[in-house]
Every structure is written in C-alpha cells, then in structure tokens.
Amino acid sequence: MSGGNTSAARRKNIEIAMIQEDFDVEQFMNKYETGIKYNLGETCVDSMSIKDIIKFFPEDEQQSVEKQLHDEVFNMKLVYGWIEGSDELKTNIAKIYNEDNKSELKVTKENIIITNGAIGANFLCFYTLINPGDKIIAVEPSYQQLTSVPNVFSDGNLVKFPILDSEGYQPDLDKLKLLINQHKPKMLIINNPNNPTGYLWNNDQIAEIIDICKSNDMYIMCDEVYRPLYHSSTNPPTSIVNFGYKKTLSTGSMSKAFSFAGLRLGWIVSHDDSLIKDLASKRDYNTISISMIDDKFSSFILSNYKKILARNYVICQNNLKQIDNFIEESKGLITWIRPVAGTTAFIKFNDNLITMDLSIELAEKHKVLMVPGECFQYPGYARVGFGNSVEDIKGGLEVLKNVLIEKGVWKH
Ligand SMILES: Cc1ncc(COP(=O)(O)O)c(C=O)c1O
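If you're wondering where the values come from, they're calculated on a predicted model, not measured in any experiment. (Residues numbered from 1 in each chain as written. Predicted model: local features only at pLDDT ≥ 70, side-chain atom pairs only at ≥ 80, totals over all residues. Heavy atoms only, no water.)

Colleague: Sorry, what's going on with the overall build of the chain here?
Modeller: Looking only at helices and strands, the chain features 14 helices and 13 strands. Computed over its C-alpha atoms, the radius of gyration of the chain comes to 22 Å, within 12% of the 22 Å expected for a compact globule of 412 residues. Taking the contacts inside the chain whose residues are at least 6 apart along the sequence as the reference set, 76% of them involve residues at least 24 apart. Total accessible area computed for the chain in this model is approximately 17900 Å², and 51% of it derives from carbon and sulfur atoms. Side-chain charges of the chain comprise 44 positive and 53 negative groups, with the mean position of each set lying 1 Å from the other. (Helix = DSSP H or I, 4+ residues; strand = E, 2+ residues; numbered from the N terminus. Rg over C-alpha atoms; globule rule 2.2 N^0.38 Å. Contact = heavy atoms within 4.5 Å. Areas by Shrake-Rupley, 256 points an atom, 1.4 Å probe, with all protein chains shown as cover. Lys, Arg positive; Asp, Glu negative; His and termini not counted. Charge placed at Lys NZ, Arg CZ, Asp CG, Glu CD.)

Colleague: How do you make sense of the sheet that holds strand 12 (residues 371-372) when you look at a structure like this?
Modeller: Strand pairs in the sheet, formed through backbone hydrogen bonds, run parallel or antiparallel to each other. Strand order in the open sheet formed by four strands is 9-10-13-12, with antiparallel pairing between adjacent strands. Edge positions in the sheet fall to strand 9 (334-335) and strand 12, since each of these pairs with one other strand and no more. Bridge count for strand 12 against strand 13 (residues 381-385) is two bridges, and the pairing is antiparallel. Within the sheet, the bridge partner assigned to Val371 lies in strand 13 and is Arg383. (Pairing = 2+ DSSP bridges.)

Colleague: Honestly, the site of the ligand in this entry has me stumped. Any pointers?
Modeller: By nearness alone, 15 residues border the ligand, and Asn195, Asp223, Ser253, Ser255 and Lys256 come closest of all. Within the contact set of the ligand, a nitrogen atom lies 2.6 Å away from a side-chain nitrogen or oxygen of Asp223. Between the ligand and the protein, one listed contact pairs an oxygen atom with a side-chain N or O atom of Arg264 at 2.8 Å. For the ligand, whose unbound accessible area comes to 400 Å², protein coverage reaches 94%. (Near = heavy atom within 4 Å. Polar contact = N/O pair within 3.5 Å; in protein donor to acceptor, adjacent residues only side chain to side chain.)

Colleague: Whenever I open this one, the confidence of the model for the chain confuses me. Can you help?
Modeller: Reading fine detail from the predicted coordinates is not recommended where pLDDT is low. For the chain, the average pLDDT comes to 95, and 96% of its residues sit at 70 or higher. Below pLDDT 50 for its whole length, residues 1-5 participates in four contacts with residues either more than four positions away or in separate chains. (pLDDT = per-residue confidence, 0-100.)

Colleague: Even after reading the chapter, I still don't get a nonpolar patch on the surface, so can you show me in this structure?
Modeller: Together, Tyr80, Ile83 and Ile288 give the surface a local cluster of nonpolar side chains, amounting to about 300 Å² of exposed area. Residue position: Ile288 is located in the loop between helix 10 (273-283) and helix 11 (292-302). (Patch = residues over 30% accessible without salt bridge, like charges linked within 9 Å, V, L, I, M, F, W, Y side chains within 5 Å. Salt bridge = Lys/Arg side-chain N within 4 Å of Asp/Glu carboxyl O.)

Colleague: Help me understand helix 8 (residues 173-183) in this model?
Modeller: Quick reminder: α-helices carry 3.6 residues per turn. Residues three or four places apart thus point the same way. Buried within helix 8 are the following residues: Leu173, Leu176, Leu179, Ile180 and His183. The buried residues of helix 8 occupy one face: seen down the axis, they fall within an arc of 115°. In helix 8, the exposed residues that point more than 90 degrees away from the buried face are Asp174, Leu178 and Gln182. Residues of helix 8 that are buried in the fold lie against strand 3 (136-140), strand 4 (158-162), strand 5 (187-191) and helix 9 (203-215). Structurally, the start of helix 8 carries an N-cap: the backbone nitrogen of Asp174 is 3.1 Å from a side-chain oxygen of Asp172. (Buried < 20%, exposed > 50% of the residue type's maximum accessible area, 1.4 Å probe, protein only. Arc of directions from axis to C-beta.)

Colleague: Sorry, what's going on with the domain arrangement of the chain here?
Modeller: Interfaces are often sized by the amount of accessible area the parts lose when they come together. Examined at the domain level, the chain breaks down into domain 1 (24-51 + 306-406) and domain 2 (79-304). Each of domain 1 and domain 2 has a C-alpha centre, and these two points are 25 Å apart. Across the interface of domain 1 and domain 2, roughly 3100 Å² is buried in total on both sides, 58% from carbon and sulfur atoms. Of all residues in domain 1, Ile50, Ile337 and Val340 give up the largest surface area on contact with domain 2, accounting jointly for 19% of the area buried on that side. Across the domain 1-domain 2 interface, the total number found is one salt bridge. Among the ionic pairs, Glu99 bridges to Lys306, the shortest N-O distance being 3.3 Å. Our enumeration of links across domain 1 and domain 2 arrives at 26 residue pairs in polar contact (both at pLDDT 80 or more). Among the secondary structure elements, those contributing two or more residues to the side of domain 1 that touches domain 2 are helix 2 (24-32), helix 12 (305-329), strand 10 (344-349) and strand 13. Per element, the largest residue contribution to the side of domain 1 that touches domain 2 is ten residues, and it comes from helix 12. (Domains from an automatic or database assignment. Buried area = accessible area lost by both parts, 1.4 Å probe.)

Colleague: Any chance you could explain the packing of helix 4 (residues 59-74) against helix 11 here in plain terms?
Modeller: Across the interface, helix 4 lies against helix 11 with an axial gap of 11 Å and an inter-helix angle of 160°. Compared by their axis directions, helix 4 and helix 11 come out roughly antiparallel. The chirality of how helix 4 crosses helix 11 is right-handed. Two secondary-structure elements touch here, helix 4 through Val65, Leu69, Glu72 and Val73 and helix 11 through Lys296, Phe297 and Phe300. Class assignment of the residues belonging to the contact of helix 4 with helix 11 gives a composition of five nonpolar, no polar and two charged. (Axes fitted to C-alpha atoms, helices over the stretch in contact; angles between N-to-C directions. Parallel < 35°, antiparallel > 145°, perpendicular 65-115°, else oblique. Left-handed = near helix turned anticlockwise from the far one by under 90°. Nonpolar A, V, L, I, M, F, W, Y, C, P; charged D, E, K, R; others polar.)

Colleague: What is the right way to read the pairing of strand 3 from this model?
Modeller: Looking down a regular strand, the side chains alternate between one sheet face and the other. Across the five residues that make up strand 3, a large majority, five, are buried. Where burial is concerned, the two faces of strand 3 agree: the one with Ile136, Ala138 and Glu140 and the one with Ile137 and Val139 are both buried. Handedness of the crossover is the feature at issue here: the chain leaves strand 3, passes through helix 7 (residues 145-153), returns alongside strand 4, and the resulting connection is right-handed. Here strand 3 runs beside strand 5; their pairing, made up of three bridges, is parallel. Counted as the bridge partner of Ile137 is Leu188 from strand 5. (Right-handed = clockwise from strand over helix to strand, strands pointing away.)

Colleague: So what exactly am I meant to see when it comes to the packing of aromatic side chains here?
Modeller: When we look at a pair of aromatic rings, we describe it by the centre distance and by the angle of the planes. In total, this model carries 13 aromatic pairs according to the counting rule given. Arranged with centres 6.4 Å apart and planes meeting at 80°, the rings of Phe258 and Tyr305 form a pair that is edge-to-face. With Phe258 in the loop between strand 7 (248-253) and strand 8 (266-269) and Tyr305 in helix 12, this pair connects stretches of sequence that are 47 residues apart. Looking at Tyr305, the relative accessible area reads 9%, which means it is buried. These aromatic residues form a ring-pair network of at least three members: Phe346, Phe376, Tyr378 and Tyr381. The cationic tip of Arg227 hangs over the ring face of Tyr97; the distance from NZ or CZ to the ring centre is 5.3 Å. The ring of Tyr219 is capped by Lys247, whose NZ or CZ atom sits 4.6 Å from the centre of that ring. (Phe/Tyr/Trp six-rings, centres within 6.5 Å; stacked < 30°, edge-to-face > 60°. Lys NZ or Arg CZ within 6 Å of the ring centre and 35° of its normal.)

Have a look at this one:
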C-alpha cells in the first residue's frame, strides 16, 4: 500500500488496528530504577553534566567558554526555534558520520532530521514508512520498540529475524534471504551495535545485507544509537548510510555513546531526498521542533565528541574487565559472548534459575537493577549494562554473586 491511498488506508485500518503491547524493558526499568543502589540496568555511558564538557577545554579557556555558553542560553528567547534543528547541530552530527566514511557520498545537514531521542527517530521512521499490510523484517533480540511498533503499523505483519547465541549473534544471511523470498518485505530493521547482546556486525556483513536488500528494493533501517561506541572492536564498521545505497536510514542520539540522555535529542540520517521530505512532513505531526536548549547544548557537546568517546571507551573497557572476572569466577554458571561494542552484555545462566524472579529479588531485596531476559523473550538470560560508573558495576556484581551463593548455585 503506498502513494495517495496511504492516509485513507491508515484511517480505515485504525478501527481494526493491533493493540500496542507493553514495552517490557522500559516498564521493568521504570518500576525499579529509582531507589536502587547499584544500577546494572543502565545503557548510557556514565552520564555527564555540561560542566564536565567544559573541563575538556584547555584550562585557560574554560572560564570564557562557560561564560559564553551561559550567556547564550540565559539570553535565549525560547520560541519554537530552528524547526528542523540548527545548522550547527546538523553539521556536527554529519561530522560523526563522515569520520570513517570512505564513500564519495558524504553526509550533509540536508540528510539529517532532528527528533526527540532515538526513540522519536525510530518511531518517525516507522510512522512514515510502514502502512497496514506491509511486511517488515526485524532482528530479535533487540530493543522492543524495533519490533512492537512496526508490528502495529503494519497491522501484524512483522516477521522476526532471530539472531542466536549459538551462532555468536552473527547474522545467518541464508536465513535472511529465505525470509525475504518468502515474505517480500518492504523493510529490514536491524540494530548495530545491538541492545541487549552488544554484538557488532562488520562492514562485510553489512555490505552483504545491503546487497540482499538492494536486490529486493527494500528499505533498510539500522538503529545505531550505540554507534560509534566501538571500544573493544578491532574491525569497526562504518554507518549503514555510508555504503552508497539510497534506501537506508540510520538513527542515533545523544543518549548512549555521548552520555547525555537528559537532552532527549536524536536524529535520522538518510541520503534519500524524497524520504527525508516525507519524514519531515510526518514530523510536523509529532514534533514541530525540538527544544532550543537541547539543540544548543547538543551542538556544544558534539563539538567535543572525540574526547567524550575517548572517555567512554575507557569506562566500557574497564567495566567489561570486571564482568570478565565475574564470569570466570562463576565457573560455567554464567557464560556470555563478550560484547565488543555498545554498553550491554547478555549473560546466560546455565542453571534452572528463573531470571525474572532473580531480577525482581535483586531489585526489591538487594536494590540492584539488572534486566531479565524475559523482557527480550529470552528467559535464562539477563542484560547487564556496563557503561555505568565503576562503583555500580562492582557493587552490583558483588551482590549478584552473593545472592547466587545463597541460592547454592555459585560453586567455589
Ligand atoms: C537500541 C535502542 N534504540 C533506541 C533507544 C532510545 O534511545 P533515546 O534515549 O535516544 O531515545 C534505546 C534506549 O535504550 C536503545 O537501546
């Protein structure tokens, strides 16, 4: 279904629309996030303040930088602002995409749509592209928004592309081809680096996936909110939009790799001019503009993005070592595929533990938050965020170990 009859179709189908299911991860986190002591559920790299960014400037400049920013923000007349995002912001975002872009096609500010977080970016992609009856393929496990929302907009036509622990979370491209041949989908949705597994698909794998999508004239959307957090990778990929295929979309935000979730600022990048036009048109209905303050702060922060990434790589690498030790000490009770990117690890409990019960007990009795695999349809696993402060990771793992000792499953 496309073109002129789209709105009519959507209006007609609204009466029989699928019910949007609860967002399990968000609900679990929302229930327990406040009031806990050690947060192993966090997916942002240890969040920062604007003052922290000012410290990245040479010491003799810090005072004047702070004064200038302060004056600009305090004197800003708070109107709707740059409806489509300021040029400065979009130029700074484009630089991140072009850093490792070897193709002729460079990302420019015209290729960028500014949204409320990556969650707004993903939603806008789905709202713009997916109509009732469209077949959509999406990876699982991943962030539940990437499957649940397309399922509703397509009126139940979402097909899952499972990524398996037993295959090292690598994409089985024969399986993908079969699914595409069988369902003739309009769009493939992937998430690289992935939440919850922390897997990272490399350039060769992405190039192959793009070839498959191209030969089937499909859109491919990649949630790249954890890009470029490639702290432990020896072979990091470039963004999906840097492969020269027009029908690609990348979403990203300030939240994870750049440690500023509180700004609620995200983006969509695409080289497809008519798609950018469509996205902007649909955006009029749910965004108008993003906050001028978020725009200003984000431009300021991203002008220092390399320093932020250097800091964040070290945090993730150090915390991963702590989880390494914990897993080794567990002597096979817990196993994992060590993530090379992002901020989340999906650990597997090789015992008959009910991970939902364990996670509830940890949160309610011990004030430690980790997310049970049940929230990703993977019972027996748990998602552990390793971007948080060293104290959170150390404290949380210590409590988890003690609880497992108490249960008699952790052997010395
Ligand atoms: C894969 C993925 N996409 C999108 C989001 C939403 O990010 P944002 O805070 O930028 O809206 C999250 C948050 O956890 C995520 O893990």
